[in-house]
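Observations on the model geometry
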Amino acid sequence: MISRRHLLTGATLLAASAAIPRAWAQAPSGPFKLDPLPYAPSKNEPHIDAQTMELHHGKHHAAYVTNLNTALAQNAEAAKMPLHEMLAKIGELPESIRTAVRNNGGGHANHTMFWQIMGGQGGEPSGELKSAIDRDLGGFAKFQEDFNAAGTRQFGSGWVFVTVTRDGKLGLVNKPNQDTPLMDGQRVLMGNDVWEHAYYLKYQNRRADYLKAWWNVLDWNRIGERYAAAKAGTLTI
């Protein structure tokens, strides 16, 4: 049963989303753009509902892109940089745009990766990626357990990431807000968004349930392609 409190909270969340300016869901002008979802918003049902996908992509991600372009309009040199390079040099950016790029550039990079790795049927990885998980993360079952635990204990908003080095070594890391391992000069293999907007309409305060369900929508072929790209030196965001 969903309590009256949860219904009111969900209604408040929907009202807040509706209040987001319509321009945020439009293609903004500037060096960066919001790509369409690579699958229908309903593709991840029943584990992630279509309405959450639509709001998450069309409102929240769109806002990061708009705000990033707005910030970069103040600095033509920074606007010429690829996003992964910009984030790797976040500390060198002018103070006037640094926080906006950190929050919104990080949000754009994180969500671009996020949409790419979902839309699948779950299951388990295979090939070189499976071997790397066995070697570096203790096997798939332990990896899932540790990843979910990291997501559950993340205080407030943030992400859980798997990082990957050029030689294929994997690591597990938490980041607050829209921070990303790209800011540390690392590469991201995959990650899960534990901001409430990623799950609250369906799961309310049950973040642990969302984390468990998320594995059912992963596209391991796509994640395997990201792993190969990392080893080839071509993975960016």
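Residues numbered from 1 in each chain as written. Predicted model: local features only at pLDDT ≥ 70, side-chain atom pairs only at ≥ 80, totals over all residues. Heavy atoms only, no water.

So the rule is basically this: UniProt positions are given in the numbering used here, feature names are shortened, and annotations may be inferred rather than shown by experiment.
For the chain, the name recorded in an unreviewed UniProt entry is Superoxide dismutase, with Microvirga arabica as its organism. Taken from UniProt, the Catalytic activity (unreviewed entry) comment for the chain reads in full: "2 superoxide + 2 H(+) = H2O2 + O2". UniProt annotates the chain under Sequence similarities (unreviewed entry) with the comment "Belongs to the iron/manganese superoxide dismutase family."

A closer look at the pairing of strand β1 (residues 158-164)
Look at any regular strand and the pattern is simple: side chains alternate between the two faces of the sheet. What counts, and what does not: Relative accessibility decides the category of a residue: with a 1.4 Å probe and only protein chains considered, values under 20% of the type maximum give buried, values over 50% give exposed, and everything between is partly exposed. Helix and strand definitions follow DSSP, with helices as H or I runs of at least four residues and strands as E runs of at least two, each counted in order from the N terminus. Strands qualify as paired when DSSP identifies two bridges or more between them.
Where burial is concerned, most of β1 is hidden: 7 out of the 7 residues are buried. Pairing of β1 with strand β2 (residues 170-176), which is carried by 7 bridges, proceeds in the antiparallel orientation. In the sheet register, Val160 faces β2, and the bridge partner there is Asn174. Hairpin remark: β1 followed by β2, antiparallel, with 5 residues in the connecting loop; positive phi at Gly168, about 90°. The pairing of β1 with strand β3 (residues 187-193) spans 6 bridges and is classified as antiparallel. Residue pairing across strands places Trp159 opposite Asp193, the latter belonging to β3.

Points about helix α9 (residues 207-214)
Put simply, the rule is: By arc we mean the arc of the directions from the helix axis to the C-beta atoms, nothing more.
Buried residues of α9: Arg207, Tyr210, Leu211, Ala213 and Trp214, and no others. Around the axis of α9, the buried residues are gathered within 165° of arc, so they sit on the same side.

Thoughts on the packing of helix α5 (residues 95-117) against helix α10 (residues 220-232)
For clarity, the threshold we go by: Note on definitions: angles span 0 to 180 degrees between N-to-C directions of axes, and those axes are lines fitted to C-alpha atoms, for helices only across the stretch in contact. Here is the rule for angles: anything less than 35 degrees is roughly parallel, anything more than 145 is roughly antiparallel, 65 through 115 is roughly perpendicular, and the remaining ranges are oblique. Here, two residues are considered to be in contact whenever any of their heavy atoms come within 4.5 Å of each other. Under the grouping applied here, Gly and all other residues not named as nonpolar or charged are polar, the nonpolar ones being Ala, Val, Leu, Ile, Met, Phe, Trp, Tyr, Cys and Pro and the charged ones Asp, Glu, Lys and Arg.
It is at 8 Å that the axes of α5 and α10 come closest, and there the two elements cross at 130°. Accordingly, the angle class assigned to the pair α5 and α10 is oblique. Residues Met113, Gln116 and Ile117 of α5 pack against Arg222, Ile223 and Arg226 of α10. In the contact of α5 with α10, the residues fall into 3 nonpolar, 1 polar and 2 charged.

Topic: the packing of aromatic side chains
To be explicit about the condition: Pairing of aromatic rings covers Phe, Tyr and Trp, the last counted by its six-membered ring, and requires centre-to-centre distances within 6.5 Å; plane angles under 30 degrees mean stacked, over 60 mean edge-to-face, and any other angle means tilted.
A full pass over the atoms with the stated rule returns 13 aromatic pairs. Their ring planes at 50° and their centres at 5.3 Å tell us that Phe114 and Trp115 sit as a pair that is tilted. Residue classification places Phe114 among the buried positions, given a relative accessible area of 2%. Judged by relative accessible area, which is 4%, Trp115 ranks as buried. Plain terms: the ring middles of Phe147 and Trp215 are 5.3 Å apart, the flat faces sit at 75° to each other, and that makes the pair edge-to-face. You can see Phe147 sitting in helix α7 (residues 140-153) and its partner Trp215 sitting in the loop between α9 and α10, a full 68 residues away along the chain. The class of Phe147 is buried, set by a relative accessible area of 0%.

Structural notes on the sheet that holds β1
Pairing is antiparallel across the open sheet formed by 3 strands, whose spatial order is β2-β1-β3. In the strand order of this sheet, the two ends are held by β2 and β3, each with one partner. Along the sheet, successive strands turn relative to each other by an average axial angle of 25°, direction set aside. The strands touched by α5 are β1 and β3; relative to β3, the strand with the most contacts, the crossing angle is about 80°.

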